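One letter stands for each residue in the lines below.
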Amino acid sequence: RALGIRMTLAPVLDVNLNPANPVIGVRSFAEDPRLVSELGVGQVRGYQEHDVATSAKHFPGHGDTAVDSHYGLPEITHDRETLDRVDLPPFRAAIAAGGDAIMTAHIVVPALDDSGLPATLSRPILTDLLRGEMGFEGVVITDSLGMSGANVLPPARVPVEAFKAGADILLNPPDVPLAFDAVLEAVRSGEISPERLERD
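Owing to the predicted nature of the structure, the values given are computational and were not obtained by experimental measurement.

Parameters at a glance
Residues numbered from 1 in each chain as written. Predicted model: local features only at pLDDT ≥ 70, side-chain atom pairs only at ≥ 80, totals over all residues. Heavy atoms only, no water. Core = buried A, V, L, I, M, F, W, Y, C linked by side-chain atoms within 4.5 Å. Buried < 20%, exposed > 50% of the residue type's maximum accessible area, 1.4 Å probe, protein only. Helix = DSSP H or I, 4+ residues; strand = E, 2+ residues; numbered from the N terminus. Contact = heavy atoms within 4.5 Å. Phe/Tyr/Trp six-rings, centres within 6.5 Å; stacked < 30°, edge-to-face > 60°. Lys NZ or Arg CZ within 6 Å of the ring centre and 35° of its normal. 1 Å grid on protein atoms, 1.4 Å probe; cavity = no way out; pocket = protein on both sides within 12 Å on 5 of 7 lines; lining within 4 Å. Points joined across faces, edges and corners; volume = space filled by probe spheres on them. Salt bridge = Lys/Arg side-chain N within 4 Å of Asp/Glu carboxyl O. Axes fitted to C-alpha atoms, helices over the stretch in contact; angles between N-to-C directions. Parallel < 35°, antiparallel > 145°, perpendicular 65-115°, else oblique. Nonpolar A, V, L, I, M, F, W, Y, C, P; charged D, E, K, R; others polar.

Asker: Just checking my understanding: could you explain the nonpolar core for this structure?
Answerer: Proteins that are soluble and globular tend to have nonpolar side chains buried together. Counting 33 residues, the largest nonpolar core has Phe59, Phe91, Ile102, Val109, Ile125, Leu130 and Met134 as the members making the most contacts within it. Within the residue set of this core, elements represented by two or more residues are β1 (55–59), α2 (80–87), α3 (89–96), α4 (123–133) and α5 (157–165). Among the elements that make up this core, the one with the highest residue count is α4 (four residues). Leaving out residues up to four positions away in the same chain, Ile125 has contacts with Phe59, Pro60, Val109, Leu112, Asp113, Ala119 and Leu130.

Asker: Explain unusual backbone geometry here, please?
Answerer: For residues that are not glycine, phi is negative in most cases, and the peptide bond is trans in most cases. Cis geometry marks the peptide bond from Ala10 to Pro11, where omega comes out at 10°. The topology assignment puts Pro11 in the segment before α1 (33–49). Here the amide bond leading from Phe59 into Pro60 is cis, since omega sits at 10°, within 30 degrees of zero. By secondary structure assignment, the location of Pro60 is in the loop between β1 and α2. Residue Asp51 is not a glycine yet carries a positive backbone phi of 60°. Of note, Asn172 is a non-glycine position whose phi angle comes to about 55°, a positive value.

Asker: Would you take a moment to explain the packing of aromatic side chains for this structure?
Answerer: Note on aromatic pairs: each is described by the distance of the centres and the angle between the planes. Inspection of every chain in the model, using the stated rule, returns one aromatic pair. Over the face of the ring belonging to Phe163 we find Arg196, whose NZ or CZ atom lies 4.1 Å from the ring centre.

Asker: Where do I start with the layout of surface pockets in this structure?
Answerer: Using a probe with the size of a water molecule, rolled over the atoms, empty space left in the structure can be pinpointed. Its volume calculated, the largest pocket comes out at about 190 Å³. Around the largest pocket, the lining residues are Phe163, Leu170, Pro173, Val176, Ala179, Phe180, Val183, Leu184, Val187 and Leu197. With six residues, the single largest contributor to the lining of the largest pocket is helix α6 (residues 176–189).

Asker: Help me out: how do you make sense of the pattern of salt bridges in this one?
Answerer: In a structure, side chains of opposite charge can pair up when their charged atoms sit close to one another. In total, this model carries 14 salt bridges according to the counting rule given. One salt bridge in this structure joins Arg157 and Glu191, with 2.6 Å as the shortest N-O distance. Taken as a pair, Arg157 in helix α5 and Glu191 in the loop between α6 and α7 (194–198) lie far apart in primary sequence, 34 residues in all. For Arg157, a relative accessible area of 27% corresponds to the partly exposed category. Classification of Glu191 by relative accessible area gives partly exposed; the value is 34%. Residues Lys164 and Glu161 are paired through a salt bridge, measuring 3.5 Å at the closest nitrogen-oxygen approach. Of the two residues, Lys164 and Glu161 both sit in helix α5, three residues apart, roughly one turn of that helix. Exposure remark for Lys164: the relative accessible area of 27% places this residue in the partly exposed category. Put simply, Arg80, Asp84, Arg92 and Glu133 are held in one network by salt bridges that share partners.

Asker: How do you make sense of the packing of α2 against α3 when you look at a structure like this?
Answerer: In a pair of packed helices, the angle between the axes and the distance between the axes together describe the arrangement. Close contact between α2 and α3 brings their axes to 5 Å; oriented N to C, the two are set at 50°. The angle between α2 and α3 falls in the class oblique. Note on element contacts: α3 touches α2 through Pro89, Pro90, Phe91 and Arg92, opposite Arg80, Leu83, Asp84, Arg85, Val86 and Asp87. A per-class count over the contact of α2 with α3 returns five nonpolar, no polar and five charged.

Asker: Explanation requested: the environment of Ala119 in the structure shown.
Answerer: Within the secondary structure, Ala119 sits in the loop between β2 (101–104) and α4. Using a relative accessible area of 0% as the deciding quantity, one classes Ala119 as buried. C-alpha of Ala119 to C-alpha of Gly132: the two residues are 13 residues apart in sequence and 15 Å apart in space. Among all residues touching Ala119, those that are not within four sequence positions of it are Phe59, Pro60, Ala105, Ile107, Ile125 and Leu126.

And the structure:
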């Protein structure tokens, strides 16, 4: 806060079940969802007490993968019962604690969306699950769109599909003018409604 930083891309709420996980590892609080929830909520509250907004990540849970989404597209094979028992509780806890934002993961989760798209581009995950079922009303921010795990569609489609899926902030698109123009054209064509664009 003293440096003028008003938002942090934390806490990491991934439950790190896979010891071979190359991207989360020690960034995770634990392999126990209850401990991750408790410490994650503590971090949310600690930042907010000093007027720094939080962004819990990486929704819906990047803990059980052996692929780094910076360089590939991981798949989480948990069934819905496992997701509800392991991966989602820390995010539910952060939402209940008033967390400001949630960051998406570039991971495929067939139990939540069988399209093969990563969560960042998935309306069933970001809108139906996170907004609808879990009741999150804050900001949805993507993980970096420069990561390989997000680049599964043509470059002009990635920002549009992320926005349509439910993301409010498109983080670090590799070509900012291209992303801006693509979203603008989607609004002009009616693919994205003005109401969605202006939703607060």
